[in-house]
Amino acid sequence: MSLLELRNVSKVFRAGWFKKIEVVAVREVSLRIQPGEIFGLMGESGSGKSTLGKLALGQMLPSSGEVWWGVEDRLAVQGIAQNPYGAFNPRHRIGFALEEPLVYHDLVKDKQERRRRIGELLNLVGIGEECLGRYPGQLSGGQLQRLAIARILLLNPRLIVADEPTTMLDLPVQAQIIKLLKTVNACTGASILFISHDLHLVAATVERAGIMHGGRLVEVGYIQDLINKPAHPYTKLFVASALADAVCRPSVNDAFGAG
Amino acid sequence: MIKMSKKKGYIVVWAGLGILLGVALFAPWLTLHDPYEQNLANRFAPPSAEYWLGTDELGRCVFSRLVVGTRMSLFIGAAVVSINAVVGSLIGLLSGFGSRWIDALVMGLLDIVQAFPGAILTLAVAGILGPGLPNMILALTVLGWAGHARFVRSMVLSLNEREFIESARSLGYGSFHVLFRHVLPNCLGPILVFSSMEMAGAIMMAAGLNFLGLGVPVSTPEWGAMLNQGKDYFRTAPHLAAFPGLAIMIAALEFNLLGDYLRDRIDEGGLIDEWKD
């Protein structure tokens with residue numbers, strides 16, 4: 001049984017009172033993500049990846065089609081923000097931001113339990129407890145992204161939608177976040193929908209991936225098959241341009257061990 | 001050209017505010033004479049050691065009336081701005097955070113309200129209601145909330161797009177919690193800046209209504225009312241209009257500077273969103 005299933009999902013944005021303007025962001029996409037799987041979603045900017053991510057998160061309703069989650073509690077579907085600097089309320093200390101979901105959803109009995117749970121997750125994401133008293137503006141992008149991951153883990157998610165979680169981070173930190181996502185997947189068994197425009201990053205992270213173009217999911221398959229035996233013309237173009245880019249950026253392959 | 005360092009500028013702002021509030025709070029102990037006591041034998045006396053700012057057409061001490069009037073002027077300004085800020089902010093929050101239809105409805109209302117020339121409508125309302133302190137405050141708030149509402153709405157719309165608000169929703173927090181725990185605290189700083197600048201406008205507008213005789217009773221010491229009475233004797237006793245006018249100007253300048261100061265502090269301290277991006 002799949003954890004997330006999209007059945008012929010389309011999303012159309014409409015604007016204008018008299019003259020209607022329509023933009024079809026996602027066209028008839030069908031996709032299944034299995035429990036414990038890390039699935040990659042690639043495509044150029046404007047291809048509909050992020051919209052699909054929001055549909056998968058339930059932040060948006062589809063214009064047609066159906067989104068089905070294999071979880072009973074919607075809190076089990078969580079997202080990681082693209083911009084770690086904006087993921088936390090700048091007026092709240094990190095400690096408050098981490099305690100807030102536990103208190104709001106009444107997930108733990110007392111303060112000690114709360115502290116213990118937060119301590120465990122900080123340990124998992126590799127951040128010291130001294131950051132709890134700091135404001136988001138006093139931490140680096142990598143630290144904030146780790147803390148954002150820790151915060152969603154407090155809710156025991158079964159599906160994590162990571163929409164370009166490393167875009168705003170430098171290369172070594174990107175590698176650390178990818179490693180952390182794999183650790184989270186291994187330790188908690190949560191499925192991850194990993195959205196990125198970077199083929200190398202996706203290749204280093206997932207086993208199975210899909211490529212989006214013009215709102216359509218043009219090809220889905222194992223990542224090595226997509227790279228070595230692309231079937232769709234757009235996949236061939238996407239892979240060729242990514243590989244050509246890698247010639248100019250050999251450090252990418254060194255950092256992620258992919259290519 | 002005189003250049004003042006930022007730090008010295010801040011000291012001037014806080015010192016000015018402290019003096020204004022101090023005068024308003026301790027007014028009864030700072031007067032030289034009873035501000036209501038008439039002395040017809042000593043009308044239009046120029047500034048002297050006994051009457052620091054002279055006397056008015058009824059022989060009352062201008063300095064004492066100006067000191068006592070500080071309390072009334074600041075009270076009117078604070079009352080008007082507080083009402084405008086609370087009403088306007090709530091409507092702005094509702095409009096920015098509510099559904100599309102609520103937003104369209106509120107925006108339509110704002111467009112209608114703000115289509116009227118503000119000063120003329122305030123005068124008309126004050127004229128219909130008649131003189132008196134509550135009526136004057138009501139007249140000044142008929143339109144004043146609209147500016148706050150539009151300002152807060154624009155802030156909320158901008159915050160709605162921010163990732164920490166999306167994260168808060170994604171973490172399962174209810175609308176009420178997101179609005180009052182995440183959106184409102186990020187609006188408070190700018191609302192304070194906006195209000196302090198509005199305070200200057202409210203004091204000036206209240207002075208204007210008093211000047212036209214649409215505010216507090218003539219005998220009440222208030223800067224605008226004093227200016228109104230002083231204008232008739234501007235040729236023979238210019239101090240009667242000059243000192244209240246100067247007080248209004250200083251208070252307006254002070255609150256504008258306070259607004260600038262708070263805006264600078266918020267930008268520097270990263271209370272809004274300038275903290276990392």
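Residues numbered from 1 in each chain as written. Chains lettered and ligands numbered in written order. Predicted model: local features only at pLDDT ≥ 70, side-chain atom pairs only at ≥ 80, totals over all residues. Heavy atoms only, no water.

Chemist: Mind showing me how you'd approach the packing of aromatic side chains here?
Modeler: The relation between two aromatic rings is expressed through the spacing of the ring centres and the mutual angle of the planes. All names here are of chain B. Under the counting rule described, the total for this entry stands at eight aromatic pairs over all chains. Aromatic side chains Phe44 and Tyr233 sit 4.8 Å apart centroid to centroid with 55° between the ring planes, which places their arrangement in the tilted category. With Phe44 in the loop between α2 (27-30) and α3 (62-97) and Tyr233 in the loop between α9 (223-231) and α10 (239-269), this residue pair connects regions lying 189 residues apart in the sequence. Here Phe44 falls in the partly exposed class, since its relative accessible area comes to 26%. Classification of Tyr233 as partly exposed rests on a relative accessible area of 25%. Here the aromatic rings of Trp52 and Phe63 are separated by 5.0 Å at their centres, their planes lie at 55°, and the arrangement is tilted. Residue Trp52 is found in the loop between α2 and α3, and its partner Phe63 is found in helix α3; the two are separated by eleven residues along the sequence. Note on Trp52: relative accessible area 47%, which makes it partly exposed. (Phe/Tyr/Trp six-rings, centres within 6.5 Å; stacked < 30°, edge-to-face > 60°. Helix = DSSP H or I, 4+ residues; strand = E, 2+ residues; numbered from the N terminus. Buried < 20%, exposed > 50% of the residue type's maximum accessible area, 1.4 Å probe, protein only.)

Chemist: Would you take a moment to explain the sheet that holds strand β9 (residues 216-222) of chain A for this structure?
Modeler: Residues and elements named next belong to chain A. Taken in spatial order, the six strands make up an open sheet running β5-β6-β7-β3-β8-β9, and their pairing is mixed. The sheet is open, and its two borders are formed by β5 (77-80) and β9, each paired with just one other strand. The sheet shows a mean angle of 20° between the axes of neighbouring strands, taken without regard to direction. Judged from the five bridges that link them, strand β6 (residues 159-163) and strand β7 (residues 191-195) form a sheet pairing that is parallel. Residue Ile160 lies in a different strand from β7, and its bridge partner there is Ile192. Across the sheet, helix α4 (residues 141-153) is in contact with β5 and β6; its angle to β5 comes to roughly 175°. Across the face of the sheet, helix α5 (residues 171-188) comes into contact with β3 (38-43), β5, β6 and β7 while running at roughly 155° to β7. (Pairing = 2+ DSSP bridges. Axes fitted to C-alpha atoms, helices over the stretch in contact; angles between N-to-C directions. Contact = heavy atoms within 4.5 Å.)

Chemist: Would you mind going over the layout of surface pockets with me for this structure?
Modeler: Leftover empty space is mapped by rolling, across the atoms, a probe with the size of a water molecule. Looking at the largest pocket, its volume works out to about 870 Å³. Along the walls of the largest pocket sit 23 residues, with Gln59 and Met60 of chain A together with Asn160, Glu161 and Arg169 of chain B positioned nearest its centre. For the lining of the largest pocket, the secondary structure elements donating two or more residues are α1 (49-57) and β5 of chain A together with α3, α4 (100-115), α6 (133-160) and α7 (163-170) of chain B. Within the lining of the largest pocket, the residues separate by chemical class into six nonpolar, ten polar and seven charged. (1 Å grid on protein atoms, 1.4 Å probe; cavity = no way out; pocket = protein on both sides within 12 Å on 5 of 7 lines; lining within 4 Å. Points joined across faces, edges and corners; volume = space filled by probe spheres on them. Nonpolar A, V, L, I, M, F, W, Y, C, P; charged D, E, K, R; others polar.)

Chemist: Any chance you could explain the nonpolar core here in plain terms?
Modeler: One recurring pattern in soluble globular proteins is that nonpolar side chains are buried together. Counting residues in each nonpolar core, the largest one holds 73 residues, and the members touching the most others are Met42, Ile94, Leu147, Ile149, Phe194 and Ile223 of chain A together with Val183 of chain B. Broken down by element, the residue count for this core peaks at seven residues, all from α4 of chain A. If sequence neighbours within four positions are ignored, Ile94 of chain A has contacts with Phe88, Cys131, Leu132, Arg134, Pro136, Leu139, Leu144 and Leu147 of chain A. Of all hydrophobic cores here, the second largest spans 49 residues; its members include Tyr10, Ala206, Ala207 and Leu258 of chain B. (Core = buried A, V, L, I, M, F, W, Y, C linked by side-chain atoms within 4.5 Å.)

Chemist: How should the side chain of Arg60 of chain B be read in this particular structure?
Modeler: Residues and elements named next belong to chain B. Within the secondary structure layout, Arg60 lies in the loop between α2 and α3. For Arg60, a relative accessible area of 5% puts it in the buried group. With residues near it in sequence (within four places) discarded, Arg60 still touches Pro35, Tyr36, Glu37, Gln38, Gly54, Thr55, Arg65, Ser219 and Gln229.

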